[in-house]
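Chain and residue survey
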Amino acid sequence: MSATAPLEKLFAERGWTPFVFQLEAWRYFLDGRSGLVHAPTGSGKTLSVFGGPLAERLQREVTPPRKRSRGEPHAVLWITPMRALANDTAHALTRMIEAAGLDWSVELRTSDTSQSVRKRQRDRLPTVLVTTPESLSVLLSYPNARQSFTGLQSVIVDEWHELMSTKRGVQAELGIARLRQFNPQLRTWGLSATLGNLDQALATLCPDGGVMVHGDASKPIEVRTLLPESIERFPWGGHMGLRMADAVVAELERGGTSLVFANTRAQVEVWFRTILAKRPDWLGEIAIHHGSLDRKIRIEVEGLLREGRLRAVVCTSSLDLGVDYPAVDRVVQIGSPKGIARLIQRAGRSGHTPGLTSTVICVPTHAFELVEFSAAREGVERKSVEPRLPLRKPLDVLAQHVVTVAAGGGFDADELLSEVRTAAAFAELTDEEWQWVLDFVERGGPTLDAYPQFRKVVRRPDGRYVIGDDKLARLHRLGIGTITSDGVVALQLRNGKRLGTIEEAFIGKLKPGDTFTFAGRPLEFVSMRDMAATVRPAKSKRGSVPSWAGGRFPLSTLLADAVRDRLESAREGDHADLEMRTIAPLLNVQHAWSHLPGNGELLIESIHTREGDHHFLYPLLGRLVHEGLGSVIAHRIGRRFDVSITASFTDYGIELLASGPLKLDEPTWRSLLSADGLLDDLLACLNAGELTKRQFRDISRVAGLVLATSPGAPKSTRQLQASAQLFFDVFIEFDPQNLLLEQARREVLERQLEIDRLAAALADLRNQKLILTEPGRLTPMAFPIWAQRISSQTIRVEAAADRIERMMRQLERAAG
C-alpha cells in the first residue's frame, strides 16, 4: 500500500480525485523532502502542501486518537504574508482536517490575536499554527522558543512570490533558519503562482536543496477589454477612467459577483462613489476594500464576499492574494495592471475553482492603455511572467533578528553566524559584517556606546549573548517587524468608532469643516489629537479624495518590451486584435506627424511652444527608469548649456523642457545618453542624500534605533523622522562607514532608482537607432507627458484640466 493511500481513500469516499501534482507533492513530503509548488491560483495549491502532513498522520495511525495527546508535537507552521489571509487560511485548513477525521487544533497568531490566546500559545502551540513573519519572530523572542517548536514537522510559506523580494521574506528566511536549527529534519514547503524566476525562488526558500512541483498550468484565463465609444486622439495620463463608468456599470448589471480592482486607494474611493451615484439602488450590494480601512470593516466585507451576498467590491491589491472567494464571477481591472503577473494574479480571483475559467475585464483610463492591455493579453497567453528578485544582506533585518534570538534564550556568536548563513539572504555575509552587527546590537557601534539604551545585547562571562533585561525584551517585541508606514493617523467618528487610517500628510492640510471622502462616505474634519483625526458625517457630498503614498505601479520590463513589440507591429500595419484596431487611428496620426518607434529605435521629438523648447524621448522603460534617465540627461544638459531644464516622466517617455533655445544634434544626444559617469551624475542630480535620509528612517526603525511606538506614547511621522535624522547626522559626521548608511544608499539606488535597470537601458540605447523629428506640434505620444506636467503643477493661472482640454481641442482641429 502506498504511503498516500489513506488520504486517497478519504478522497475516493467523498467522490474526489486528487490531481497529479498534489499526489507528487504528498509523496515528496513523505520522503522527507522540501520544495516549492508552482500552480495557478484556484488550482488546489493549498491541499497540495497540506495534504503531506495529513497523509503522514493518517499513515502513522489508522485510527486517529479522539484527542491530541500531550506528547504529540506541534505539526505544521503556516506562514502567510497577510493578516487578511490568515483567517481564511485557518478555515480552509480546518475543513481539510475535519475531512481527514483528525482532531488537530488550528489557531491564528497575528497582531490581531488576543493577549490571552497569545499567552496560552507561548506555553503550548496548537497542532497547526497560521501566522505571519512578524509573529513568528515574536514567538522566537521568548526564552522557551526552542522548547515550543521542538518536534515541529513542517513549515509552509504561502504566496512565496509576494514575500521573496521583501524584507518580510528575509525575516521569514531567518525565522525558518532558526527553526531548522531546532529541528534538523524540518521540511520547508512554499506556494507560488505568477512568478518568472522559479529556480531562484526555490533556492531562496530551500537553500539546502528542494524539489519543484508544477501544477496544472492550463487553467484558462479570458482577458477582454471594454472599448470606449470614441478614442481621444490626444489622451493624457491622470484620468480615473470615469468616462467608462457607464460601461462598467453595465458589466456589473449582468449579475453575479465582481471584484473591481484599481491601482490606488484614491481611485478605489472615486470609483466606489461613482458607481453608487449611478446606481443608488445598489446601496448594500457593493462595498469598498483597501488597506486603510479598519480591520473590522474589511473582515465584514470579506465575509459578505465569501457568502456571495455582494454584487461588487471595489478594491486595491488588498484582495490580490489567495483568499478563496468561489462566488467571484469576474474581475474588472481599472487602468493598466502595469505587469503581466499582476493581471494573472487578479484574474485568478475569479473562477477560483479547478477547471473554471478566470475572467478579467480591462477598462482603459486613457487610449494608450489599449496597447498595454493588448500586450498583457499576449503575455498571459504565452505565460510570460515577471521575476521577483530576492534581497541580499539587509543588515537592519539581521540586527533585529540577532536581538530576537538573544531574547529567545541567547546564542553563541559562532553558532548563530553559521545558522544565519544558511538563510539565502545572508549566505555571503562576511566575518567583518557579522562583527559589525554584533557590535551594533551590543553597544550601538562606536558612536552610541555611551548610551545604555543601545546596549540591547550583553555578553556573559561564558561568552553567550543574551538580552540586556526584561524591559529591553518587551520594547524589542513591540518593534519587531519590517513593514514601515508612510505616516498614518487613526480616523474615527466622534463616538470613537474607528473607520481606518489616513495619511498624516493629507489630514494635516485640512481645517475644521473641510470635507473629504473615505470608505465611500462624505466626512467632515472636526479635530486632530494624539495621532487620531476625529470626523463626522458631512452633509455635502462634495469634497476631496485622500491620496496615499505608494500604490502606483511602474510598468514592468516584460510588459514594456511587449508594448514596444505591439507598436512595431502597428507601424507595419499589423493590428493584431480589437484593442490595436481601435487605437489604430491614433497611432496613424503619431506616425504621420512624427514616427512610431519600434524595437531598436529611440524616438526623440523636438517641439517649440510658447513655454520653450520641448524634447520628448520615448524609451518605453517604465516611470522609475525614466525618472532616473530624465534626471541624468537634464543634469548633463544643464552642465553643458546655459539653460535650465524641467524634466517630466511617464511610463512611456520623458519630457525635457528648456528655458531657452536648445538645438541638439545626434552626436550630442549620443553623449547625453552615455553610460559613462552614470552613478556620479545620478547622485549629483537627484538629491540622493535626501532620498537616503528618508530611506534611513525606515532602516533605523527595523534595526531598533528608533521605536515607532512605546506603550501609551505613539509617535508622529515627524517625530520619527526627526529621531532618524539625528542618528543619520551623527553617523555621517562620526561614523561615515556605518553599514546602515551604506545599506540606505544601496536601497535607494537599487529599489527606488533601479540603477541596474537604468545602466542596462543606457547600454542598450547606445546601440539603438536615434530617430530625431521636429513635428511642429505636440504629438499623440507627447501629449500625455506634457499633460502630466501641467496637471502636477501646484501654481496655475488656469485650472490644469481646462488647459489640457483646450490644448486637446486645438490639436484635434490640427489633426482634422
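Quick summary incoming for the structure in this document. (Residues numbered from 1 in each chain as written. Predicted model: local features only at pLDDT ≥ 70, side-chain atom pairs only at ≥ 80, totals over all residues. Heavy atoms only, no water.)

**Overview of the overall build of the protein**
Rule in force here: Labels follow the DSSP assignment, with helices taken as runs of H or I lasting at least four residues and strands as runs of E lasting at least two, numbered in each case from the N terminus. The buried label goes to any residue with under 20% of its type's maximum accessible area, the exposed label to any with over 50%, and the partly exposed label to all in between, with areas taken from a 1.4 Å probe on protein chains only. What makes two residues a contact is simply this: any of their non-hydrogen atoms within 4.5 Å. Using the Shrake-Rupley algorithm and a 1.4 Å probe, accessible areas are obtained, with residue cover drawn only from the displayed protein chains.
Scanning the protein from terminus to terminus reveals 31 helices and 27 strands. When the 816 residues of the protein are sorted by exposure, 57% land in the buried category. Taking as baseline every contact in the protein between residues at least 6 positions apart, the subset at least 24 positions apart corresponds to 74%. Looking at the protein as shown, the accessible area adds up to about 34,100 Å², and 50% of this sits on carbon and sulfur atoms.

**Quick look at the nonpolar core**
Rules: Only buried Ala, Val, Leu, Ile, Met, Phe, Trp, Tyr and Cys residues count toward a nonpolar core, and they belong to the same one when joined by side-chain atoms within 4.5 Å.
Counting 61 residues, the largest nonpolar core has Leu 259, Val 313, Ile 583 and Phe 783 as its most contacted members. Discounting chain neighbours no more than four positions away, the residues touching Ile 583 are Ala 367, Phe 368, Leu 370 and Val 371. Listed in part, the 49 residues of the second largest apolar core include Ile 467, Val 706, Leu 741 and Ala 744.

**Digging into the pairing of strand E4 (residues 128-131)**
The criterion, for reference: Any two strands with at least two DSSP-identified bridges between them are counted as paired. Handedness rule for crossovers: strands pointing away from the viewer, path from the first strand over the helix to the second running clockwise, crossover right-handed.
A two-sided burial pattern is seen for E4, the buried positions comprising Val 128 and Val 130 on one face and Leu 129 and Thr 131 on the other. The pairing of strand E2 (residues 76-79) with E4 spans four bridges and is parallel. The residue bridging Ile 79 from the neighbouring strand is Thr 131, located in E4. Across four bridges, the pairing between strand E3 (residues 106-109) and E4 is parallel. Residue Glu 107 lies in a different strand from E4, and its bridge partner there is Leu 129. Following the backbone out of E3, through helix H5 (residues 115-123) and into the adjacent parallel E4, one traces a crossover that is right-handed.

**Some words on the pattern of salt bridges**
The following threshold applies: The rule for a salt bridge is simple: a side-chain nitrogen of Lys or Arg has to be within 4 Å of a carboxyl oxygen of Asp or Glu.
Applying the stated criterion across every chain yields a total of 39 salt bridges. Here Arg 330 makes a salt bridge to Glu 251, at a shortest N to O gap of 3.9 Å. Of this pair, Arg 330 sits in strand E12 (residues 328-334) while Glu 251 is found in helix H11 (residues 245-252), placing the two residues 79 residues apart along the sequence. On the basis of relative accessible area, Arg 330 is assigned to the buried category, the value being 9%. Linked by salt bridges that have partners in common, Arg 377, Glu 378, Arg 382, Arg 566, Asp 577 and Glu 579 make up one network.

**Here's the deal with the sheet that holds strand E9 (residues 257-261)**
Strand-to-strand pairing in sheets goes through backbone hydrogen bonds, with the strands running parallel or antiparallel. Selection rule: Each axis is a line fitted through C-alpha atoms, taken for helices only over the stretch in contact, and angles between the N-to-C directions span 0 to 180 degrees.
As summarised here, the arrangement of the six strands in space is E8-E13-E12-E9-E11-E10, forming an open sheet in which the pairing is parallel. Each edge of the open sheet is held by one strand with a lone partner, namely strand E8 (221-225) and strand E10 (286-289). With strand direction ignored, the average angle separating the axes of adjacent strands in the sheet is 20°. Sheet topology note: the E12/strand E13 (residues 358-363) ladder contains four bridges and is parallel. Bridge pairing in E13 links Val 331 to Val 360. Helix H12 (residues 265-278) contacts E10, strand E11 (312-315) and E12 of the sheet and is inclined by roughly 170° relative to E10. The sheet contacts of helix H15 (residues 369-382) involve E8, E12 and E13, and relative to E8 the element is tilted by about 165°.

**Some thoughts on the environment of Val 155**
By the element assignment, Val 155 lies in strand E5 (residues 154-157). A residue is classified by how much of its surface remains accessible, and Val 155, at 0% relative accessible area, is buried. For Val 155 and Trp 78, which are 77 residues apart along the polypeptide, the C-alpha to C-alpha distance reads 5.9 Å.

**So, the packing of helix H16 (residues 395-407) against helix H18 (residues 431-443)**
Operational definition: Oblique is the label for any angle not covered by the other classes, which are roughly parallel (under 35 degrees), roughly antiparallel (over 145) and roughly perpendicular (65 to 115). Here a crossing is taken to be left-handed if its near helix is turned anticlockwise relative to the far helix by less than a right angle, and right-handed if that turn runs clockwise. By the convention adopted, Pro, Cys, Tyr, Trp, Phe, Met, Ile, Leu, Val and Ala count as nonpolar, Lys, Arg, Asp and Glu as charged, and the other residues, Gly among them, as polar.
Running from N to C, H16 and H18 cross one another at 55°; their axes reach a closest spacing of 10 Å. By the criterion of interaxial angle, the relationship of H16 to H18 is oblique. Along this stretch, H16 crosses H18, giving a crossing that reads as right-handed. Where H16 approaches H18, its residues Leu 395, Leu 398, Ala 399, Val 402 and Val 403 are matched on the opposing element by Trp 434, Val 437, Phe 440 and Val 441. Residue classes in the contact of H16 with H18 are distributed as nine nonpolar, no polar and no charged.

**Focus: helix H3 (residues 45-60)**
Cut-off, in case you're wondering: The span expected for a helix works out to 1.5 Å for each residue beyond the first. What the bend at a residue measures is the angle between two axes, fitted to the seven residues ending there and to the seven starting there.
Helix length check: H3 (16 residues) gives 24 Å between terminal C-alpha atoms against 22 Å at 1.5 Å per residue, within 8%. Of all the bends in H3, the greatest reaches close to 35° and is centred on Gly 51; the proline Pro 53 follows between one and four positions later. With 13 of 16 residues buried, H3 is to be regarded as a mostly interior element.

**Remarks on the sheet that holds E2**
In spatial order, the strands read E3-E4-E2-E5-E6-E1-E7; together these seven strands make up an open sheet with parallel pairing. Looking at strand neighbours, the two that pair on one side only are E3 and strand E7 (211-214), the edges of this open sheet. Neighbour to neighbour, the strand axes of the sheet diverge by 20° on average, direction disregarded. Relative to E7, helix H2 (residues 20-30) is tilted by about 160°, and along the sheet it contacts strand E1 (35-38), E5, strand E6 (187-192) and E7. Its contacts with the sheet place helix H10 (residues 198-205) against E1, E5, E6 and E7, and it is angled at close to 145° to E1.

**Some remarks on the pairing of E10**
Both faces of E10 are covered, namely the face carrying Ile 286 and Ile 288 and the face carrying Ala 287 and His 289. Both E10 and E11 contribute to a ladder of four bridges, which runs parallel. Its bridge partner lying in E11, Ile 288 is registered against Val 314. Running through helix H13 (residues 295-306), the crossover from E10 to the neighbouring parallel element E11 is right-handed.

**Side note on unusual backbone geometry**
One non-glycine residue, Lys 338, lies in the positive phi region at around 70°. Note on Lys 338: relative accessible area 12%, which makes it buried.

**Points about the side chain of Gln 400**
The test is simple: In protein, a polar contact means a hydrogen-donor-capable atom and an acceptor-capable atom, both N or O and within 3.5 Å, with residues adjacent in sequence counting only if both atoms are side-chain atoms; elsewhere, any N or O pair within 3.5 Å suffices.
Mapped onto the elements of the fold, Gln 400 is located in helix H16. Only 3.0 Å separates the side chain of Gln 400 from the backbone oxygen of Gly 481, close enough to count as a polar contact. Reaching out from Gln 400, the side chain makes a polar contact with the backbone oxygen of Val 702 at a distance of 2.9 Å. Beyond its immediate stretch of four places on either side in the chain, Gln 400 contacts Gln 171, His 476, Gly 479, Ile 480, Gly 481 and Val 702.

**Considerations on the packing of helix H23 (residues 623-640) against helix H25 (residues 678-685)**
Interhelical geometry of H23 versus H25 gives an angle of 85° and a closest axis separation of 9 Å. Viewed along their axes, H23 and H25 adopt a mutual orientation that is roughly perpendicular. Contacts from Gly 628, Ser 631, Val 632, His 635, Arg 636 and Arg 639 in H23 reach Leu 678, Asp 681, Leu 682, Ala 684 and Cys 685 in H25.

**Section: the side chain of Glu 173**
The condition that has to hold: Residues scored as positive are Lys and Arg, those scored as negative are Asp and Glu, and His as well as the terminal groups of each chain are ignored.
Topologically, Glu 173 is positioned in helix H9 (residues 167-182). Despite its burial, Glu 173 remains without a salt bridge, the nearest opposite charge being carried by Arg 392 at 5.4 Å. Of note is the side chain of Glu 173, whose polar atom sits 3.0 Å from the backbone nitrogen of Ala 425. Excluding residues that lie within four positions of it along the chain, Glu 173 makes contacts with Trp 160, Thr 204, Ala 423, Ala 424 and Ala 425.

**Concerning the environment of Arg 521**
Inspection of the secondary structure puts Arg 521 in strand E19 (residues 521-529). Taking the C-alpha atoms as reference, Arg 521 lies 7.5 Å from Pro 537; in sequence the two are 16 residues apart. Excluding residues that lie within four positions of it along the chain, Arg 521 makes contacts with Leu 493, Leu 499, Phe 516 and Pro 537.

The values reported here are purely geometric and, on their own, carry no functional implication.
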